[in-house]
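In case you want the letters, here they are:
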Amino acid sequence: MFVARILHPIKVLGPGDRVGIWFVGCKHGCIGCSNPELWEQLPKYNIDFATFKILIENIKKTKSIDGFTLTGGEPFLQPQVLRENFAILKIYI
Ligand code: SF4
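Residues numbered from 1 in each chain as written. Predicted model: local features only at pLDDT ≥ 70, side-chain atom pairs only at ≥ 80, totals over all residues. Heavy atoms only, no water.

Caption draft 1: Representation of the pattern of salt bridges. Inspection of every chain in the model, using the stated rule, returns 2 salt bridges. The closest approach of N and O atoms between Arg5 and Glu37, which form a salt bridge, is 3.9 Å. One end of the pair, Arg5, is in strand β1 (residues 3–10); the other, Glu37, is in the loop between β2 (18–23) and α1 (49–62), with 32 residues separating them in the sequence. Of the residues examined, Arg5 reaches a relative accessible area of 27% and is grouped as partly exposed. In this structure, Lys11 and Asp17 form a salt bridge, with 2.5 Å as the shortest nitrogen-oxygen distance. The class for Lys11 is exposed, based on a relative accessible area of 57%. (Salt bridge = Lys/Arg side-chain N within 4 Å of Asp/Glu carboxyl O. Helix = DSSP H or I, 4+ residues; strand = E, 2+ residues; numbered from the N terminus. Buried < 20%, exposed > 50% of the residue type's maximum accessible area, 1.4 Å probe, protein only.)

In structure tokens form, the structure reads like this:
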């Protein structure tokens, strides 16, 4: 999966203290995009799900999580990752 940042707490992209996940990859090319550096799925952004899960678990150990905000980039460019991981993320909510 291609992820650039996982930040907590994010308070401006949904209610409560959220985990913001910036997915990498986008083909829309919107004028004025605030994250054009996340359009290309560069190898440096490629992490395996086990690492991703550990990062989320580490946040959960010390912080309360009110929800997840998936942003990017275009998160739906990685539909299989979302489908598989959403089921797991629900465990943490
Ligand atoms: S990251 Fe968002 S705003 Fe930027 S080009 Fe893609 S869809 Fe548009």
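Caption draft 2: Focus on the site of the ligand. Residues in contact with the ligand, as listed here, are Cys26, His28, Gly29, Cys30, Cys33, Trp39 and Gly73. Among the residues forming the shell around the ligand, the class breakdown is 4 nonpolar, 3 polar and no charged. (Near = heavy atom within 4 Å. Nonpolar A, V, L, I, M, F, W, Y, C, P; charged D, E, K, R; others polar.)

Caption draft 3: How the structure looks around the sheet that holds β1. Within the open sheet, the 3 strands sit side by side as β1-β2-β3. Their pairing is mixed. Looking at which strands have only one partner, the edges of the open sheet turn out to be β1 and β3 (67–71). When strand polarity is set aside, the average angle formed by the axes of neighbouring strands in this sheet is 20°. Taken together, the 5 bridges between β2 and β3 define a ladder with parallel strand orientation. Note that in β3 the partner of Ile21 across the bridge is Leu70. Strands in contact with α1 are β1, β2 and β3; relative to β1, the strand with the most contacts, it is inclined by about 10°. (Pairing = 2+ DSSP bridges. Axes fitted to C-alpha atoms, helices over the stretch in contact; angles between N-to-C directions. Contact = heavy atoms within 4.5 Å.)

Caption draft 4: Representation of the environment of Asn35 within the structure. Among the secondary structure elements, Asn35 is positioned in the loop between β2 and α1. Look at Asn35 and you get buried, because its relative accessible area is 12%. Sequence separation of Asn35 and Val24 is 11 residues, and the distance between their C-alpha atoms is 9.5 Å. In contact with Asn35, other than residues within four places in its own chain, are Arg5, Trp22 and Gly72.

Caption draft 5: Fine view of unusual backbone geometry. For the peptide bond that leads from His8 to Pro9, omega is 0°, which places it in the cis range. Of note, Pro9 is situated in strand β1. The residue after Gly72, namely Gly73, is reached through a cis peptide bond having omega 10°. As for its position among the elements, Gly73 is in the loop between β3 and α2 (79–92).

Just distances and angles here, no functional claims.
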